[in-house]
Amino acid sequence: MIRQPRPVPPSGRRIAFAIEKLAQRSGGAERVLIETANALAARGHEVEILSHEPRGKGPFYDTAPGVVVSNLLPPRSGWRFFTEWIRSRLTFLPDYPVLDRIVGIARDGGFTRRLERHLRATRPDVVIGFMPPAISALAKARVDHPMRRVASMHNAPEQDFLNPERWNHTRLDQRRRLALMSRIDRIAVLLPEYRDWYSDDLRRAVCVLPNAVTPRAAAVTGREKVVMAVGRLATVKRHGLLIDCWKTIAPAHPGWELRIWGDGPLKDDLAARIRAESIPAVTLMGHRSDVADHYLTASILAHPAEFEGFPLAVTEALAAAMPVVGFEDCSGLNRLVRDGVNGRLVPAGDGSDTARRIAFTETLSALMQNEALREALAAGGPPSMAPYAPDRVIDLWEEILFADAMPCASA
Amino acid sequence: MTFALDVLIPHYCDPDGLKRSLDSIAAQTWRGRMRVIVVDDGSPDHDTLAAQTHCDAFAATTPFAVLFERNPTNLGRPRTRNRLLDLTDATHVAWLDAGDIWYPDKTARQFAHLDTLTARGVDISSVWVTCTYDWEQHGRARTLSQRVGGDQVLELLVGDHFRAYLWTLLGTAEAFRIAGRFDERLPRLQDLDYFLRFVRGGGRIETAPGRRALCRYFKSDIGRNASEVHACYKLILTKNAPAISRYPRALSSKLHYKANRLASRFAYANGDRIGAARYLAEAALGSPRHALLVARNVLRSRLRAGG
């Protein structure tokens, strides 16, 4: 009995993820990258994660068997000490025309060059750039084989393309970052409204790809009197505002605690302020891997962030039947939290810090007082996360990565 | 019916070698539900027919099942091996190349070792079990053991005491999925690439205990294209450059030296003296430090032998 060969199964594709920095980074995008890489490897694809960073450590999140992690930046040794020294000096040149090219090449040229060389050697079927630095390098890399380039965006587009404080501060990059997107075959955005931001030319390549949210079996009642806040301790998350609110709320709600999970540049400032102002019942928990378990027992997630992409802390809280309080003008969050259904959206008022503080204090305080409302909002959380079930999201990933037609999903 | 073990054999123009391999499988003391899958890589009709006849005879005289398939043309070993991977659905997988043989207790010893690992609490879904083997070349045989301790990426790259030979392996199907598919651009040395991907992907290779060989490999350099070997080796080094760069630079120099030395050996074995000399010169010029070290060691051993 002699049979004809079967076609190669669709599972055996080569996929590379590119991200500039991954070592020991515990952010949401890094987590999405690792979870997606793991899920695609479990579906039989060959997955490699490419970073380009001086830290020689591995990722914070565990990779599944089959996922190879490669840091493209060789360690500094021998002559590389010298060339690195020159390169780092060049990045301090004045960022003016002509010189800006030198600054740009000194800062990003190595990533693009090494990524290009590696992609030519490994010839993946598809490469997914995570966040602007890797996406720009991917767009610039020239390869000699058919390869789909996918950009995975994890913020509101204004933050990725227009905020001069974010990502690469060089003039050249800021001028070219958006233009380079024309070399990308698929642009995955987290929410439908982000698609509308792009120009007509680019919008043809944009598809909506939410993050996956794992459902949790959680009780609606019998929760501890704990308000959680989860996120990097950075200005954008507005933990300072939350602590201000808590200063007013805590005396009126004995027995309640505020626990803040996360690490970041503001850690010392926040700790000093809590100590100096003797704010009661508030604890900085630091970064802990068991934070997800606390979504099952605490009562409320307070998330006063300025803007978000697709906030994992919010989705995980909702999936674990925990109501979320956040501002109505916070992108990403305002798509996931429905006022009166699975949480509370706080009006921004005139947008001033004072107006925000007063409104957030009132809303959070009212929810802490009203157990019945908390339970009703808690019950609304898990159904609202059903469209983001991991299997559905990974199906969508595969469609974006491999299908010829643009996926029309607009979750 | 789910098989406990699929034995995957690529075959090309060597029905007698295939028969030898099948006979060694028939003699296995392990008697679980085994199936042998043979994919003929587009051999001429008479070789294919002979190979299929051997497979039919094997199925008729042993309790084991056989699946014989054929590529319409000669697609090369990596594509044939990928096709074998597509055909397998057993819980465990082992490999054998047509012409090489297993000794009777190979499968039993390797399964026993997997059981031992399971009893120790090791997750065998990411473990391959290799073994000591006999290496026969030019009529001479030597027994080589696999030293699997330490940094397996480094050991595989250096290849002095731990070598990437697929026909030594047995493991769960899940463990083989870690390595993915064979790189079809590598007509040679695809085993090394496959092993490196497995280890870099979180897999671990163990060896069945004991110093006795469990299989025999019949090595020949004849007919192997030196430039093809050289190109394949270089490609593997480029693919794994990020991992290699984590080690001292001397390793990179050594590996590039090795690539040229290996190509030189194949060129010499196939009568291409000029090619052999060219690769040797490239080895010396490209990695002078390592070439000097090798020359010094050779000189010392000659002096010792002479003295």
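Each residue is numbered by its place in its chain's sequence as written, counting from 1. Labels are handed out in written order, letters beginning with A for the chains and numbers beginning with 1 for the ligands. Totals for whole chains, interfaces and linings use every residue, but because this is a predicted model, local features are given only for residues with pLDDT of at least 70 and side-chain atom pairs only at 80 or more, for both listing and counting. Side-chain numbers come from the whole structure's heavy atoms, not from hydrogens or water.

Asks: Can you help me understand the overall build of chain A in this one?
Replies: Counting from the N terminus, the helices are DSSP H or I runs at least four residues long and the strands are E runs at least two residues long. Each helix and strand in chain A was counted, giving 16 helices and 13 strands. Two things to know: the radius of gyration comes from C-alpha atoms, and the globule rule equals 2.2 Å times the number of residues to the power 0.38. For chain A, whose C-alpha radius of gyration is 23 Å, the value lies close to the compact-globule estimate of 22 Å for 411 residues. Referenced to the eigenvectors of the C-alpha coordinate spread, the extents of chain A come out at roughly 70 × 70 × 40 Å. Buried residues are those whose accessible area, probed at 1.4 Å on protein chains only, stays under 20% of the maximum for their type, while exposed residues exceed 50% and partly exposed ones sit between those limits. The proportion of buried residues among the 411 residues of chain A is 53%. Residue contacts are counted whenever heavy atoms from the two residues lie within 4.5 Å of one another. Sequence-distant contacts in chain A: of pairs separated by 6 or more residues, those separated by 24 or more amount to 66%. Reported accessibility uses the Shrake-Rupley method at a 1.4 Å probe radius. Residues are deemed covered only where the shown protein chains occlude them. Surface exposure of chain A reaches about 18,000 Å², of which carbon and sulfur atoms provide 53%. We treat Lys and Arg as the positive residues and Asp and Glu as the negative residues; His and chain ends play no part in the count. Positions of charges follow a simple convention, taking NZ of Lys, CZ of Arg, CG of Asp or CD of Glu. Each charge class in chain A was averaged separately, 54 positive and 48 negative side chains, and the resulting centres sit 6 Å apart.

Asks: Sorry, what's going on with the pairing of strand β4 (residues 92-95) of chain B here?
Replies: Within a regular strand, the side chains alternate between the two sheet faces. Residues and elements named next belong to chain B. The alternating pattern of β4 places His 92 and Ala 94 and Val 93 and Trp 95 on opposite faces, both of which are buried. For strand β1 (residues 5-11) and β4, the ladder comprises four bridges, and the chain directions are parallel. The residue bridging Leu 8 from the neighbouring strand is Trp 95, located in β4. One requirement defines pairing of two strands: DSSP has to find at least two bridges between them. Two strands pair when backbone bridges link them, and β4 and strand β9 (residues 170-172) are joined in this way by three bridges, in the antiparallel orientation. Opposite Val 93, over in β9, you have Gly 171 as the bridge partner.

Asks: In this structure, what is going on with the side chain of Lys 106 of chain B? I would like to understand it.
Replies: All names here are of chain B. Looking at the secondary structure, you find Lys 106 in helix α4 (residues 106-119). Side chain to side chain, Lys 106 and Gln 110 meet in a polar contact 2.7 Å long. In contact with Lys 106, other than residues within four places in its own chain, are Gln 28, Cys 131, Trp 167, Thr 168, Leu 169, Leu 214 and Cys 215. In protein, a polar contact means a hydrogen-donor-capable atom and an acceptor-capable atom, both N or O and within 3.5 Å, with residues adjacent in sequence counting only if both atoms are side-chain atoms; elsewhere, any N or O pair within 3.5 Å suffices.

Asks: Even after reading the chapter, I still don't get the interface of chain A and chain B, so can you show me in this structure?
Replies: The parts lose accessible area when they come together, and the size of an interface is often stated as this lost area. Counting residues at the interface gives 32 residues for chain A and 27 residues for chain B. In this description, buried area is defined as the sum, over both parts, of the accessible area (probe of 1.4 Å) that is lost when the two are combined. With both sides pooled, the region where chain A packs onto chain B buries about 2,500 Å², and carbon together with sulfur makes up 52% of that total. For this document, the term salt bridge refers to a Lys or Arg side-chain nitrogen within 4 Å of an Asp or Glu carboxyl oxygen. Residue Asp 183 of chain B pairs with Arg 14 of chain A through a salt bridge whose shortest N-O separation is 3.7 Å. If you look at where chain A meets chain B, you find eight residue pairs in polar contact (both at pLDDT 80 or more). It is strand β3 (residues 67-71) of chain A that provides the largest number of residues to the side of chain A that touches chain B, a total of five residues.

Asks: Looking at this structure, I do not really get unusual backbone geometry. What am I missing?
Replies: Peptide bonds are trans in most cases, and residues, glycine excluded, mostly fall at negative phi. All names here are of chain A. Its identity as a non-glycine residue notwithstanding, Ala 281 has a phi of 50 degrees, on the positive side. Residue position: Ala 281 is located in the loop between α10 (267-276) and β10 (282-286). Of note in this structure, Ala 321 is not a glycine but carries a positive phi near 60 degrees. Within the secondary structure, Ala 321 is located in the loop between α12 (312-319) and β12 (324-327). Its relative accessible area of 3% is what places Ala 321 among the buried residues.

Asks: What is the right way to look at the environment of Tyr 279 of chain B in this model?
Replies: All names here are of chain B. In this structure, Tyr 279 sits in helix α11 (residues 273-286). Residue Tyr 279 is classed as buried on the basis of its relative accessible area of 5%. Put simply, Tyr 279 and Tyr 257 are 22 residues apart on the chain and 9.3 Å apart in space, counted from C-alpha to C-alpha.

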